[in-house]
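Spelled out, the chains give:
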Amino acid sequence: MGIFIPVVLGLAFVKAYLKKIGLALALLLPLQASYAGLFIPKDMTMIMAMRTGEMTTTELSYGLKPNLSMALNHFEFRGHHDRISRYTGVQAAYLLDRHYGSQGIANWYVFGGPVTSTYMNADSKNGAQGGLWFDYETLRIYTRVSAQRFLVHQREQSVYTAQALWAPYAAEFGEVASWVGVQVMRDSMQTGQTALTPMLRFFERSWWLDIGVKANTERRGDLFMNVMFLF
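I will try to describe carefully the structure that is included in this document. Please read these numbers as outputs of a predicted model, since none were measured by experiment.

1. Notes on the environment of Tyr 142
Line of reasoning, step 1. Its place among the elements puts Tyr 142 in strand S7 (residues 141-152).
Line of reasoning, step 2. Along the backbone, Tyr 142 and Gly 181 are 39 residues apart, and their C-alpha atoms lie at a distance of 9.1 Å.

Here it is in structure tokens:
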């Protein structure tokens, strides 16, 4: 009996300790899939393609450090009256701050870099793009807000995005996770319009898929899709 009690207490302590480690890992692992394409783990490469109806984006990213990634990207926007604006450039994304809470993780990022741009098939001009990104994630909730601005010659364009997603179940490591929610996007090229898109998200350790349908604006019914692959 004298030996049994310390053994039981020791096993209880180990179990509690392992549970804490498991919770920490569970909170960390979704970050490798739920960063929405901005943060790339060190020594990993990501290919991403996104289409919203008004915007098409392609990107190749590489994680240089735990808090720094670099990317080559191309953006194409179809604005009001079908005015087309294109940007091609190099982008750095830097983790400003990461806060670990009792239930989830909050991240602040800053990103930006030089671009070459054409507008309505005019001659290309040099400029820059940059912005801020905040996200908060638990095992069942994901929220994100971001602001991005393009500055080329005397022309400016801003894109604001917000996402709110809920997971009907907490996926285990290696399982396919699924989320349901909504995305709200406002592009200054779309005069006076804010696009509302109900969406689904599926991801595993190395791939990611967002899919939805635009619910309003003049492009109602347009497909929204975001595909990413990590290797």
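2. Observations concerning the packing of aromatic side chains
Line of reasoning, step 1. For the structure shown, the criterion picks out nine aromatic pairs.
Line of reasoning, step 2. Measuring from ring centre to ring centre gives 5.6 Å for Phe 77 and Phe 150, while their planes differ by 70°; the resulting arrangement is edge-to-face. Here Phe 150 lies in strand S7 and Phe 77 lies in strand S3 (residues 68-78), a separation of 73 residues in the sequence. Across the pair, Phe 150 and Phe 77 agree in class, each one buried.
Line of reasoning, step 3. Taken together, a centroid distance of 5.8 Å and an interplanar angle of 25° make the contact between Phe 229 and Phe 231 stacked.
Line of reasoning, step 4. Since its relative accessible area comes to 41%, Phe 229 is described here as partly exposed.
Line of reasoning, step 5. Members of the aromatic cluster, joined through ring pairs, are Phe 75, Phe 77, Tyr 87 and Phe 150.

3. Digging into the nonpolar core
Considering soluble globular proteins, one finds that nonpolar side chains tend to be buried as a cluster.
Line of reasoning, step 1. The biggest cluster of nonpolar side chains holds 30 residues, and the ones touching the most others in it are Met 46, Phe 77, Tyr 87 and Trp 179.
Line of reasoning, step 2. Setting aside anything within four residues of it in sequence, one finds Phe 77 in contact with Glu 54, Met 55, Arg 83, Ile 84, Ser 85, Tyr 87, Phe 150, Gln 157, Val 159, Asp 187 and Met 189.

4. Describing empty space enclosed by the protein
Line of reasoning, step 1. Following the criterion strictly, the structure yields four cavities of 30 Å³ or more and no others.
Line of reasoning, step 2. The volume enclosed by the second largest cavity comes to roughly 130 Å³.
Line of reasoning, step 3. Lining the second largest cavity are 16 residues, and of these Glu 54, Met 185, Asp 187, Ala 195 and Lys 214 sit closest to its centre.
Line of reasoning, step 4. Of all the elements in the fold, those that place two or more residues in the lining of the second largest cavity are strand S9 (177-187) and strand S10 (194-203).
Line of reasoning, step 5. Along the lines of polarity and charge, the residues of the lining of the second largest cavity split into five nonpolar, seven polar and four charged.

5. Describing unusual backbone geometry
Line of reasoning, step 1. Phi angles above zero are rare outside glycine, and Asp 43 is one such case at about 65°.
Line of reasoning, step 2. Along the chain, Asp 43 turns up in the loop between helix H1 (4-28) and strand S1 (45-51).
Line of reasoning, step 3. A relative accessible area of 47% means that Asp 43 is categorised as partly exposed.
Line of reasoning, step 4. Phi at His 153 takes a positive value of approximately 55°, unusual for a residue other than glycine.
Line of reasoning, step 5. Take His 153: it is sitting in the loop between S7 and strand S8 (155-166).
Line of reasoning, step 6. Assessed through its relative accessible area of 62%, His 153 is described here as exposed.

6. Here we look at the pattern of salt bridges
Line of reasoning, step 1. Summed over all chains, the structure comprises six salt bridges.
Line of reasoning, step 2. Salt-bridge contacts for Lys 214 lead to Glu 54; the nearest nitrogen and oxygen are separated by 2.3 Å. Separated by 160 residues along the polypeptide, Lys 214 in the loop between strand S11 (207-213) and strand S12 (223-230) and Glu 54 in the loop between S1 and strand S2 (55-65) bring together distant segments of the chain. The burial state of Lys 214 is the same as that of Glu 54; both residues are buried.
Line of reasoning, step 3. Between Arg 201 and Asp 210 there is a salt bridge, and its shortest N-O distance comes to 2.7 Å.

7. Description of the pairing of strand S4 (residues 84-100)
Line of reasoning, step 1. One ladder, built from eleven bridges, connects S3 with S4; its direction is antiparallel. The residue bridging His 74 from the neighbouring strand is Thr 88, located in S4.
Line of reasoning, step 2. Here S4 runs beside strand S5 (residues 105-119); their pairing, made up of 13 bridges, is antiparallel. When the bridges of S5 are listed, Gly 89 appears paired with Val 115.
Line of reasoning, step 3. Linkage of S4 to S5, two consecutive antiparallel strands, is achieved through a turn of four residues.

Conventions adopted
- Here the residue index of a chain counts from 1 through its sequence in written order.
- Owing to the predicted nature of the model, reporting of local features is limited to residues with pLDDT of at least 70; listing and counting of side-chain atom pairs is limited to 80 or more, with chain, interface and lining totals taken over all residues.
- Only heavy atoms go into the side-chain values, all of them from the structure, while hydrogens and water stay out.
- For helices the rule is a DSSP run of H or I covering at least 4 residues; for strands it is a run of E covering at least 2, with both sets numbered from the N terminus onward.
- Centres within 6.5 Å make a pair out of two Phe, Tyr or Trp rings, where for Trp the six-membered ring is used; the pair is then stacked when the planes are under 30 degrees apart, edge-to-face when over 60, and tilted otherwise.
- Summary of the burial criterion: residues with accessible area below 20% of their type's maximum are buried, those above 50% are exposed, and those between are partly exposed, where the area comes from a 1.4 Å probe applied to protein chains only.
- Each nonpolar core is a collection of buried residues, namely Ala, Val, Leu, Ile, Met, Phe, Trp, Tyr and Cys, held together in the definition by side-chain atoms within 4.5 Å.
- In what follows, a contact means two residues having at least one pair of non-hydrogen atoms within 4.5 Å.
- A 1.4 Å probe that fits into a set of points on a 1 Å grid over the protein atoms alone but cannot get out defines a cavity; an open set with protein on both sides within 12 Å along at least five of seven lines defines a pocket, and lining residues are those with an atom within 4 Å of a point.
- Grid points are joined across faces, edges and corners, and a volume is the space filled by probe spheres set on the points.
- Polar here means any residue other than Ala, Val, Leu, Ile, Met, Phe, Trp, Tyr, Cys and Pro, which are nonpolar, and Asp, Glu, Lys and Arg, which are charged; Gly is therefore polar.
- Salt-bridge detection follows one rule: a side-chain nitrogen of Lys or Arg within 4 Å of a carboxyl oxygen of Asp or Glu.
- Two strands pair under a simple rule: DSSP has to find at least two bridges between them.

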